[in-house]
Amino acid sequence: MKIAVIGQSLFGQEVYCHLRKEGHEVVGVFTVPDKDGKADPLGLQAEKDGVPVFKFARWRAKGQALPDVVAKYQALGAELNVLPFCSQFIPMEIINAPRHGSIIYHPSLLPRHRGASAINWTLIHGDKKGGFSIFWADDGLDTGDLLLQKECEVLPDDTVSTLYNRFLFPEGIKGMVQAVRLIAEGKAPRLPQPEEGATYEGIQKKETAKINWDQPAEAIHNWIRGNDKVPGAWTEACEQKLTFFNSTLNTSGLVPEGDTLPIPGAHRPGVVTKAGLILFGNDDRMLLVKNIQLEDGKMIPASNFFKGAGSSALELTEVELVIAEAVRSAWQRILPNVLEVEDSTDFFKSGAASVDVVRLVEEVKELCDGLELENEDVYMASTFGDFIQLLVRKLRGDDEEGECSIDYVEMAVNKRTLHMPHQLFIGGAFMDAEGAKTFETINPTDGSVICQVSLAQVADVDKAVAAAKDAFENGLWGKISARDRGRLLYRLADLMEQHQEELATIEALDAGAVYTLALKTHVGMSIQTFRYFAGWCDKIQGSTIPINQARPNRNLTLTRKEPIGVCGIIIPWNYPLMMLSWKTAACLAAGNTVVIKPAQVTPLTALKFAELTLKAGIPKGVVNVLPGSGSLVGQRLSDHPDVRKIGFTGSTEVGKHIMKSCAVSNVKKVSLELGGKSPLIIFADCDLNKAVQMGMSSVFFNKGENCIAAGRLFVEDSIHDQFVRRVVEEVRKMKVGNPLDRDTDHGPQNHHAHLMKLMEYCQRGVKEGATLICGGKQVPRPGFFFEPTVFTDVEDHMFIAKEESFGPVMIISRFADGDVDAVLSRANATEFGLASGVFTRDINKALYVSDKLQAGTVFVNTYNKTDVAAPFGGFKQSGFGKDLGEAALNEYLRVKTVTFEY
């Protein structure tokens, strides 16, 4: 068909281009006159294509069509007028002239929201459905017959821009092309608009966009978003006009604490918080505004409203103004579809992609004598005004943010001075707990108080989850590439290595870990874990799947692996840093944010880790650390509606409770590494020297505070007595002492309550008839030291045969020579299934036993041999889900299936 396109804007340009691709002949384009010397995109494109372009300032005078305008139009011989977006009034002589008439696009579901501000009013009225209509043009009252309509869901925080960009723009272009196709095929309907439900609202202007505070929070939110970005909902406060943008009703976890902002007519004063400006409706519900435009036009984060000159815009020198204009030209070259780069122009919303970030960084380097920018700088300052402010600060050398204020506890230990944070870590800052509550963390070596640590409360959990949620949804973490995310995790691992001795010393001080073991395992494996998962960041991939084709069309199905969101990680006290690392590294590699609850008795390495995440450049809010009780902090994390995953290591009893809370709250994903009673079977044909050595390690490694410790050793009858004698000889050689001494083999138990449980455990074993060969008592010295203990003659029915000690207690039972199946049956007769082991020189026996053992890990002729690349996790009541290895990533990812038809 011969088509005349009447309209303007990028939308008009796209419709024009698509119609030409469909094979239609555009005989003329009618658009608005140039503004400030710049042509409208529609006219600009048509001129490039050699299509006649007309730029009439007006089409009629005194109610009558201008004859020369009508004549120029009629000379084109158009068969259809297409009006994709038109701000001019087109006379009916033009509308009715073509053989097929005229069609026009309107961004609402007519007859609702007739008028020029339809998108605004869709949001202001809180409509749950939006969309667009294409109708046969009438006399300008939007009442013409309908040709087609398409609808979409209006999201709770949609603005005019997001609704337009997400649906009305892309789908509207397709709709216009489809409408023309229907006309060409003679299938275009003419459906009279119903009058039921019809509304007509006027143009939204700045003077009419003032906020009425005497209404519920949802209505205020709808008013703000319905005027975002144009014309902007405003109020008067602090003797100036303030315009609000980026409003949300999602205030879960926010506490209205901060500086109050009196607002005339408001039900309650606003509160400026770290998250933004909290406002209240007359129903006392809250809404949050994240950006404020001041009366002078400056746009600032709402959280910075009361900040002084440090947060105000810099005044540029003449030289800096020249640089700013040169950078503006660079933006203009990179963003060709933007008519004019203004301070409010957003780099990404204007169509820039990651390759454009690289180009901008390189152009700035040339313009500014080699000034180094990071890609993250562009993401953090995405509007032109903010970018220039950042650039000038860097050029002046005062761009560095002030160091995070950390109130260290300093202590001279192990020939070094430790600097230990002791406050909660929320949103990139160390802070006191709600009500300034604290608890004492104890040195198990002598029972002395190391320091006071902030004790997190429910309100602190809510703050931390809100910070993690904001970092996930709005922060830099979700914008940077997977490879850049990996680079940050590599940097964190390097910092942990630089602080390895300090971290190991803190583990010895706070957890009683033997220093030499802490260097290699507690801290060493933590570093390896972060390096391993840093390498996975850019290798998390979906797949393409062949499915049945919808003939004659075809289908393409693919899967995407996506981060879950905010994750809660609850870690035990036996390996404070390593257990944190096993879960947190996989969680962060997958792209999530995290709230970590360390064990209350061992919080200090987790807080030092938090400090290192800041130094590594991990964005604020991505990692949060909350020392506190499990019944309060752990419970709130399990119950919190914005937490989407819980990773827990601890007892089976608590794991069951967490699983129930996760189900009842919001069916959050959960992985559990729980208790164990790991069997170790030692056959007579083993290498006895190695079996004794590894048997000792299987029980006494890390003072027995080891989730996979061999909870019960089954020794074949013919070597039983020899094995026991050799073990006792080795136990008597062990040095029990200060964990910081380099020759110490066995340090103190983690805390006093655990020491008492071990004493009760051994007393019960003796009472039930087991033979106590050695140990079983507290070491007579200050601190929480317990003697390495060996029991023999342990029968299957005894308490110590069935229950985990989680301490340095070796439980030995004998089994008849050659009775492999019987010992397997006894080994599997437990509700636990975390780990297991077998010692034998017979490969067939080793394979058979490893097949039959019901445990997540089986060690053959070794023990405790875990590796960051090998998945780790239990069976039965030892939990489910995996730490370490590629399998651990799946615990922190969700799989989305996407199917296309073409």
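Every value quoted in this text rests on a predicted model; they were computed, and no experiment measured them.

Caption draft 1: Examining a nonpolar patch on the surface more closely. A surface patch of nonpolar side chains, amounting to about 320 Å² of accessible area, comprises Leu556, Phe900 and Tyr902. Here Phe900 shows up in strand 40 (residues 893-901).

Caption draft 2: Looking closely at helix 1 (residues 9-21). End to end, helix 1 covers 19 Å across 13 residues, agreeing with the expected 18 Å (1.5 Å per residue, within 8%). Along helix 1, the residues classified as buried are Ser9, Phe11, Gly12, Gln13, Val15, Tyr16 and Leu19. Against the buried residues of helix 1 lie strand 1 (2-6), strand 2 (25-30), helix 2 (41-48), strand 6 (80-83), strand 7 (102-106) and helix 6 (160-184). Measuring from the backbone nitrogen of Phe11 back to the side-chain oxygen at the start of helix 1 gives 3.2 Å, which picks out Ser9 as the cap. One or two positions beyond helix 1, positive phi appears at Gly23, with a value near 95 degrees.

Caption draft 3: Inspection of the pairing of strand 29 (residues 669-673) at higher detail. Across the five residues that make up strand 29, a large majority, four, are buried. By the bridge criterion, five bridges tie strand 28 (residues 643-649) to strand 29 in an arrangement that is parallel. The partner of Phe648 across the bridge, within strand 29, is Leu672. Each parallel crossover has a hand, and for strand 28 linked through helix 19 (residues 652-666) to strand 29 it is right-handed. Here two bridges tie strand 29 to strand 39 (residues 879-880), and the two strands are oriented antiparallel to one another. Bridging across to strand 39, Glu673 finds its partner in Gly879.

Caption draft 4: Fine view of helix 18 (residues 630-639). Considered for burial, the residues of helix 18 that qualify are Val633, Gly634, Gln635, Leu637 and Ser638. Structurally, helix 18 contributes buried residues whose contacts are with helix 12 (458-473), strand 25 (566-570), strand 26 (593-597), strand 28 and helix 19.

Caption draft 5: Seen up close, the nonpolar core. Of all hydrophobic cores here, the largest spans 133 residues; its most connected members are Ile682 and Leu713. With 10 residues, the single largest contributor to this core is helix 16 (residues 576-589). Here Leu713 is in contact with Leu680, Ile682, Ser698, Val699, Phe723, Met810, Ile811, Ile812 and Ser813, once residues within four sequence places are set aside. Of all hydrophobic cores here, the second largest spans 35 residues; its members include Phe11, Val26, Val51 and Leu168.

Caption draft 6: Layout of unusual backbone geometry. Note the cis peptide between Leu110 and Pro111, where omega equals 15 degrees. If you trace the backbone, Pro111 turns up in the loop between strand 7 and helix 5 (118-124). Omega for the peptide link from Arg551 to Pro552 comes to 5 degrees, which places this bond in the cis form. In this structure, Pro552 sits in the loop between strand 23 (544-545) and strand 24 (555-563). The phi dihedral of Asp284 is positive, around 70 degrees, even though this residue is not glycine. Relative to the helices and strands, Asp284 resides in the loop between strand 14 (276-280) and strand 15 (286-293). Asp284 sits in the partly exposed class, given a relative accessible area of 42%. A positive phi is found at Asn861, a non-glycine position, where the angle reads about 55 degrees.

Caption draft 7: The UniProt feature "site: Essential for catalytic activity" (unreviewed entry) in the chain, seen in detail. Under the UniProt annotation, the feature "site: Essential for catalytic activity" (unreviewed entry) is placed at Asp142. Apart from the residues lying within four places of it in its own chain, the contact partners of Asp142 are His106, Leu110, Arg114, Gly115, Phe135 and Gln193. A distance of 2.9 Å separates a polar side-chain atom of Asp142 from the backbone nitrogen of Gly115.

Caption draft 8: Representation of the pattern of salt bridges in the model. Going through the model one piece at a time under the given rule, you end up with 45 salt bridges. Between Lys187 and Glu185 there is a salt bridge; the shortest N-O distance is 3.9 Å. For Glu185, a relative accessible area of 44% gives the class partly exposed. The shortest N-O distance in the salt bridge between Asp494 and Arg531 comes to 2.8 Å. Residue Asp494 is located in helix 13 (residues 482-498), and its partner Arg531 is located in helix 15 (residues 515-536); the two are separated by 37 residues in the primary sequence. What makes Asp494 partly exposed here is its relative accessible area of 34%. Judged by relative accessible area, which is 28%, Arg531 ranks as partly exposed. A single salt-bridge network, built from bridges that share partners, covers Glu502, Lys608, Glu611 and Lys615.

Caption draft 9: Structural detail: the sheet that holds strand 23. As summarised here, the arrangement of the three strands in space is 23-24-40, forming an open sheet in which the pairing is antiparallel. The sheet is open, and its two borders are formed by strand 23 and strand 40, each paired with just one other strand. Note: strand 24 against strand 40, nine bridges, orientation antiparallel. Bridged to Asn555 within strand 40 is Glu901.

Caption draft 10: The packing of aromatic side chains, seen in detail. Taken as a whole and assessed by the stated rule, the structure comprises 25 aromatic pairs. Three or more aromatic residues joined by ring pairs form one cluster here, namely Phe11, Tyr105, Phe132, Tyr164, Phe167 and Phe169. Taking NZ or CZ as reference, Lys241 lies 4.2 Å from the ring centre of Trp234, over its face. Here the basic side chain of Arg268 rests over the ring of Phe280, its NZ or CZ set 3.8 Å away from the ring centre.

Caption draft 11: Region of the structure containing the packing of helix 24 (residues 820-828) against helix 25 (residues 843-852). Closest axis-to-axis distance for the helix 24/helix 25 pair is 10 Å, and the angle between their directions is 30 degrees. Between helix 24 and helix 25, the angle falls in the class roughly parallel. The two elements helix 24 and helix 25 meet at a crossing, and its hand is right-handed. For the pair helix 24 and helix 25, contact is made by Val820, Asp821, Leu824 and Asn828 and by Tyr848, Val849 and Lys852, respectively. Within the contact of helix 24 with helix 25, the residues separate by chemical class into four nonpolar, one polar and two charged.

Caption draft 12: Focus on the sheet that holds strand 6. An order of 3-2-1-6-7-8-9 is seen for the seven strands of this open sheet, with the pairing classed as mixed. Sheet topology places strand 3 (53-54) and strand 9 (146-153) at the edges, where each strand pairs with a single neighbour. Contacting strand 1, strand 6, strand 7, strand 8 (129-136) and strand 9, helix 6 crosses the sheet at an angle of about 155 degrees to strand 9.

Caption draft 13: Region of interest: the side chain of Gln215. Within the element layout of this structure, Gln215 appears in the loop between helix 6 and helix 7 (217-226). Gln215 gets classed as buried once you look at its relative accessible area, which sits at 18%. Here Asn212 takes part through its backbone oxygen, which lies 2.7 Å from a polar atom of the side chain of Gln215. With sequence-adjacent residues up to four places away left out, Gln215 is seen in contact with Ile220, Gly281 and Asn282.

Caption draft 14: Fine view of the environment of Pro552. A residue is classified by how much of its surface remains accessible, and Pro552, at 80% relative accessible area, is exposed. Placed 418 residues apart in sequence, Pro552 and Ile134 show a C-alpha to C-alpha distance of 29 Å.

Caption draft 15: Spatial organisation of the domain arrangement of the chain. Once the domains are mapped, the chain shows domain 1 (2-185), domain 2 (206-304), domain 3 (332-396), domain 4 (457-539 + 561-674) and domain 5 (679-877). The C-alpha centroid of domain 5 is placed 30 Å from the C-alpha centroid of domain 4. Taken together, the contacts link 25 residues of domain 4 with 26 residues of domain 5. Counting across the domain 4 and domain 5 interface gives zero salt bridges. For the interface between domain 4 and domain 5, the tally reads 11 residue pairs in polar contact (both at pLDDT 80 or more). Contributing elements (two or more residues each) for the side of domain 4 that touches domain 5: helix 14 (500-511), helix 15 and helix 19.

Caption draft 16: Spotlight on the environment of Leu672. Note on placement: Leu672 falls in strand 29. Assessed through its relative accessible area of 3%, Leu672 is described here as buried. The sequence separation of Leu672 and Val341 amounts to 331 residues, and the corresponding C-alpha distance is 52 Å. In this structure, Leu672 is in contact with Phe648, Gly655, Met659, Ser878, Gly879 and Phe880, ignoring residues within four places of it in sequence.

Caption draft 17: How the structure looks around the environment of Gly881. Within the secondary structure, Gly881 is located in the loop between strand 39 and helix 26 (885-890). The exposure class assigned to Gly881 is partly exposed, which follows from its relative accessible area of 24%. A sequence separation of 10 residues divides Gly881 from Glu891, and the C-alpha atoms of the two residues are 6.7 Å apart.

Cut-offs and rules
Here the residue index of a chain counts from 1 through its sequence in written order. Only residues with pLDDT of at least 70 get local features here, since the model is predicted, and only at 80 or more are side-chain atom pairs given and counted; chain-wide, interface and lining totals rely on the full set of residues. Heavy atoms from the whole structure form the basis of all side-chain values; hydrogens and water molecules are not counted. Each patch is built from salt-bridge-free residues with over 30% relative accessible area, joining like charges within 9 Å and nonpolar side chains (Val, Leu, Ile, Met, Phe, Trp, Tyr) within 5 Å. Residue-level accessible areas treat just the shown protein chains as cover; the underlying method is Shrake-Rupley with a 1.4 Å probe. Basic side-chain nitrogens of Lys or Arg form a salt bridge, by our definition, when they fall within 4 Å of a carboxyl oxygen of Asp or Glu. Where helices and strands are cited, they refer to DSSP runs of H or I of at least four residues and of E of at least two residues respectively, numbered from the N terminus. To estimate the expected span of a helix, count its residues, drop one, and scale the result by 1.5 Å. Throughout this description, buried means an accessible area under 20% of the type-specific maximum (1.4 Å probe, protein chains only), exposed means over 50%, and partly exposed covers the range between. By the convention used here, residues are in contact when the closest approach between their heavy atoms is within 4.5 Å. In the analysis that follows, any N or O atom pair within 3.5 Å is treated as a polar contact, provided that within protein one partner can donate a hydrogen and the other can accept it, and provided that, for residues neighboring in sequence, both atoms belong to side chains. A pair of strands is labelled paired if DSSP reports no fewer than 2 bridges between them. By the criterion used throughout, a crossover qualifies as right-handed when its path from the first strand across the helix to the second strand runs clockwise, the strands pointing away from the viewer. Only buried Ala, Val, Leu, Ile, Met, Phe, Trp, Tyr and Cys residues count toward a nonpolar core, and they belong to the same one when joined by side-chain atoms within 4.5 Å. UniProt positions are given in the numbering used here, feature names are shortened, and annotations may be inferred rather than shown by experiment. Pairs were defined over the aromatic rings of Phe, Tyr and Trp, the Trp ring being its six-membered one, requiring ring centres within 6.5 Å. Orientation was assigned from the angle between planes: stacked under 30 degrees, edge-to-face over 60, tilted for the rest. Criterion for a charge above a ring: Arg CZ or Lys NZ at most 6 Å from the ring centre, at most 35 degrees from the ring normal. Axis angles are defined between N-to-C directions and span 0 to 180 degrees, where every axis is a line fitted to C-alpha atoms and, for a helix, only to the segment in contact. Roughly parallel means an angle under 35 degrees; roughly antiparallel means over 145; roughly perpendicular covers 65 to 115; every other angle is labelled oblique. In this scheme the handedness of a crossing depends on how the near helix is turned from the far one: anticlockwise by less than a right angle means left-handed, clockwise means right-handed. The nonpolar class holds Ala, Val, Leu, Ile, Met, Phe, Trp, Tyr, Cys and Pro. Asp, Glu, Lys and Arg form the charged class, and all remaining residues, Gly among them, are polar. Bear in mind that the domain bounds are from an automatic or database domain assignment.

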